Structures are given as C-alpha cells and as structure tokens.
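Spelled out, the chains give:
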Amino acid sequence: MNKNNVVVIGAGIVGVSAALWLKREGHDVTLIDKGEPGMGASFGNACVLASCSVAPVTAPGLILKGPKLLLDPNFPLFLRWSYLPKLAGWLARYLSHATDKETRRIAQGLTPIVGDSVDQHHALVDGTSAAKWLQESTYSFAYNDRAAFEADAYTWELRRKAGFVPELIEGDAVHEMEPILARNIKLLALMRDHGFIQDPGAYVQDLVQIFKEMGGTFVQAEVKDFDLSGGSISAVMTDRGRFECDRAVLATGVWSKPLMNKLGINVPLEAERGYHILFKNPSEQPSQPIMVASGKFVATPMAQGLRCAGVVEFGGLEAGASKAPLALLRKKVRESFPHLEASSEEEWLGFRPAPSDSLPLIGEVGKSGVYAAFGHHHIGLTGGPKTGRLVSDLISGKRPNNDISPYDPQRFN
C-alpha cells in the first residue's frame, strides 16, 4: 500500500470516520471543517443507529399523495412555497423514483450502508473514549393498532427482505414496556439489535480528539477549490491557505454540491430541513428509541434529555426556522406522551443532504483523486462509519466487499 497525504473535508460523522480509518491504515491525514466538528447534521439527528432504515421516502404512490400531504397541516412534511421554483427540477427527479422498481433498487443499495451499523460503530470506537456514547438497544415502532401497522406493509416487506423482521407486542404489554405512551397506542413493532448514540455531537467531537491523538491534524477553515492542474488533485484551497495532498475526501453533506461543481459534476442535491426539540429534565422517558408512526417522529432518551426529531421541510439553506413544523412536532409529542413534562425545551434546525435518488455518493470522482462521501439523507449517523471505511479502503487500495456501483458519484452526468 502506498502511503498517501489525504485531506478530509468535513468533520461530521462521515468525515471523521474516514479520517480515523485512514489514520489506522497509516496515511497522513488532515481533517478540515469550516465549523466546529459534529455541529451540523451529525449533531441534530434522532440519535438512532437505524439499521432497518432501508426504505426511501419515494415509495410507490408518492406522486399522487404528495400534494395532498403537503396541504395537510397534520402531516410532518412542509414546503416553503417561495422556494418551489428552485426546487422544481430536483423534485421532478426525486418523484421519478417513486415506483416499485426504483424503491426496491434504492432499498437494495441502502442495505449494505446501514444494515450492519451497530457493528460498524463498534469497530470504529471500541477501546476508545468515544465508546461510552454507543448504546445497544431495541428500536421500536409505535402504532395505534394492527390496522395501522398493516397499512405500512410495503415498507415492512422491504425491511424483511433486508433481514429485519419485527417482533410484535400488543395490548397491555405495550404500556408495560413503555408506560410513557398514550393509551391509544396499542402495538409496538420491535427491531432488536439496533442502537443509539447518547450524544451525537459529543460523540463526533470525541472521535476528532482520538484522531488528533493518533497524529492527525484538524484545521478549522473553509474549502474554496481544488488544485487539479496536474490532472488530479495536488492541493485543497481554503480561506486559510493551500493544503497539499494527493487524495481528498469530500464529506461536507449538503455543502458538497458547490465543491462537486468544481469537479465538473452537477449533483441534484437538496437540503432536507430537519427539526428536533430537546425536552430537558423530562418527567418520563421511553426505555429505548421509539418511532411514533402517527406523528412520523422519533423519540430518543439521550444524555441531555428526550430528543424528538422527524419533521421534514424543503426550503433551501438560507431561511431560518419555520414555526409550523415545530408547532406540529410539539402537538404530536403531546398526543403520544400526554404526561410528559420538562424543565425547558431546546429547538434545532439543520440540513440533511438529499440526493434526488436517495442514495449517497461514495467513490472517486473520475481520476481526480477526490473521493465523494456524502448524500446520506437522514441516515448519516447510521451509515457514516461504514461509508468512511469504504472510502478508506478505496484510497488504501483495498477492494471493498460491497458493490459500490450504486453510489457512483458520476451517475447523474
């Protein structure tokens, strides 16, 4: 193996995973981020290592149901209508995948990235100071009744095909297991062998510290361009100067799009505006992460309190938080956990990178020496360590065990 000088751009879970695996392979690695490590989408997720999350949003029927859902004030999907002209092209491509054939293809592509998430996180952190944040658990899906569960049969069939078969709990046993739930929630579909991160922001920051202790370098700077004058990368250009390298990893989430443009690739990538509310010092918490199907949100007991996340909005990167998504999330939390009280609440808005085909971009961009590692939609925390390991293997000259062709970063050209 040739020892490379690698610059990893982006210090979220994907970037720092790549940086750690690259250091373990003996490369010289510089990790660059314009902000504090782990403070973007890696901070504000639902904390779950959702190995069973193989089904994309673009299920069959979405084209017909989508407009109705957008107009339904009780459905957690929002659009800033002034942004629609900019969104239209991406949206048309996104909806083109809402067929049975495409949904199954995408699910097949997502399964290797997320399916062994807990094992991949263990491989990344076992024996390090970051291991304390990793918690194995069941991941529960809460439904009002069996009919509501069976209405999701298509998605559960995709999960079963990927190897994830639920254990069903009904009736009084639901509230014996999770007393926090409202009495009208009468079925739990339990996914064993999952997990969650008790504090994703601290987790990523600990990983960066481990990386630095291994001899890696972290620099806070904004990447502006690549030097490709010799036909492949020789340096990354930032607002703090030039960083020489012979390989680079692009793991900047939704902010990867303009840098891909520098490589001649126009990626159909939009920002999925995700919200969460953290309920501090909650009067009660679930024993494990719960996806509440009626509200399409996930409630996770974490170090700082109870985090409830899951509302989606499309409206670009510039606008601030909207009131309606947060109001709906609070309403659904009250309905699902009627006796929950908290000393205070903390709101968050962040941007998840959503490619039009719901598959991440992983691999070398042509012969540029730049490797894409972004576009994980809402599965970044789940699939970050696996993605980082795949990119490290590619740079180290190892042949990945998985077929990575579905993630080809040039597939949109």
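Before going into details, it helps to say that this report is about the structure given with it. (Residues numbered from 1 in each chain as written. Predicted model: local features only at pLDDT ≥ 70, side-chain atom pairs only at ≥ 80, totals over all residues. Heavy atoms only, no water.)

Further remarks concern the pattern of salt bridges. Tallying each qualifying case throughout the model produces 19 salt bridges. Sharing partners across several salt bridges, the network here consists of R80, R273 and E313. (Salt bridge = Lys/Arg side-chain N within 4 Å of Asp/Glu carboxyl O.)

Moving on: helix α5 (residues 117–125). Buried within α5 are the following residues: S117, V118, Q120, H121, L124 and V125. Seen end-on, α5 carries its buried residues on one side only, within an arc spanning 160°. One or two steps after α5, the chain reaches G127, where phi turns positive at roughly 85°. (Buried < 20%, exposed > 50% of the residue type's maximum accessible area, 1.4 Å probe, protein only. Helix = DSSP H or I, 4+ residues; strand = E, 2+ residues; numbered from the N terminus. Arc of directions from axis to C-beta.)

Before going further, it helps to examine the environment of P166. Relative to the helices and strands, P166 is located in the loop between α7 (153–161) and β6 (167–170). Overall, P166 belongs to the buried group, its relative accessible area being 13%. For P166 and E36, which are 130 residues apart along the polypeptide, the C-alpha to C-alpha distance reads 38 Å. When residues no more than four places from it in sequence are discounted, the contact partners of P166 are F149, W156, R160, A189, L190 and M191. (Contact = heavy atoms within 4.5 Å.)

Taken together, 3 strands build an open sheet; the order of strands is β9-β10-β11 and the sheet is antiparallel. Edge positions in the open sheet fall to β9 (223–227) and β11 (241–244), since each of these has one partner strand only. The sheet shows a mean angle of 25° between the axes of neighbouring strands, direction not considered. Relative to β11, strand β10 (residues 235–238) runs antiparallel, the two being bridged by 4 bridges. Across the sheet, M237 pairs through a bridge with R242, a residue of β11. (Pairing = 2+ DSSP bridges. Axes fitted to C-alpha atoms, helices over the stretch in contact; angles between N-to-C directions.)

For the rest of this paragraph, the subject is the pairing of strand β2 (residues 28–33). Along β2, 5 of the 6 residues are buried, which leaves the element largely enclosed by surrounding structure. Two strands pair when backbone bridges link them, and strand β1 (residues 5–9) and β2 are joined in this way by 5 bridges, in the parallel orientation. Of the residues in β2, the one forming a bridge with V7 is T30. As paired strands, β2 and strand β8 (residues 217–220) are joined by 4 bridges and run parallel to one another.

So, on to a negative patch on the surface. Taken together, D119, D126, E136 and D193 make up a surface patch of like negative charges. Relative to the helices and strands, E136 is located in strand β5 (residues 134–143). (Patch = residues over 30% accessible without salt bridge, like charges linked within 9 Å, V, L, I, M, F, W, Y side chains within 5 Å. Areas by Shrake-Rupley, 256 points an atom, 1.4 Å probe, with all protein chains shown as cover. Lys, Arg positive; Asp, Glu negative; His and termini not counted. Charge placed at Lys NZ, Arg CZ, Asp CG, Glu CD.)

Attention now moves to the side chain of D199. Note that D199 resides in the loop between β7 (187–197) and α9 (200–213). No salt bridge is formed by the buried D199, whose closest oppositely charged neighbour, R307, lies at an N-O distance of 5.7 Å. In this structure the side chain of D199 is engaged in a polar contact, spanning 2.6 Å, whose partner is the side chain of Q304. (Polar contact = N/O pair within 3.5 Å; in protein donor to acceptor, adjacent residues only side chain to side chain.)

Turning our attention to the sheet that holds strand β19 (residues 370–374). Backbone hydrogen bonds hold the strands of a sheet together, and the pairing may be parallel or antiparallel. The mixed open sheet is built from 6 strands, whose spatial order is β8-β2-β1-β12-β19-β18. Edge strands, defined here as strands with exactly one partner in the open sheet, are β8 and β18 (361–364). Geometrically, the sheet is characterised by an average inter-axis angle of 20° between neighbouring strands, direction not taken into account. Looking at chain direction, β1 and strand β12 (residues 247–250) are connected through 4 bridges and run parallel. Bridging across to β12, V8 finds its partner in V249.

With that out of the way, let us pick up the side chain of T387. Summarising the element assignment, T387 is placed in helix α12 (residues 380–395). Reaching out from T387, the side chain makes a polar contact with the backbone oxygen of G383 at a distance of 3.0 Å.

Looking at where A130 falls in the secondary structure, it is placed in the loop between α5 and β5. By relative accessible area, which is 0% here, A130 ends up buried. A130 sits 257 residues away from T387 along the chain, and the two C-alpha atoms are 18 Å apart. When neighbours within four sequence positions are excluded, A130 is seen to be in contact with V125, Y203, D206, L207 and I210.

Our focus in this paragraph is the packing of aromatic side chains. All chains considered together, the criterion is met by 9 aromatic pairs. Geometrically, the ring pair formed by W90 and F314 is tilted, given 5.2 Å between the ring centres and 45° between the ring planes. Here W90, found in helix α3 (residues 84–95), pairs with F314, found in strand β16 (residues 305–314); they are 224 residues apart in sequence, far enough to count as distant. Its relative accessible area of 6% is what places W90 among the buried residues. Exposure remark for F314: the relative accessible area of 9% places this residue in the buried category. (Phe/Tyr/Trp six-rings, centres within 6.5 Å; stacked < 30°, edge-to-face > 60°.)

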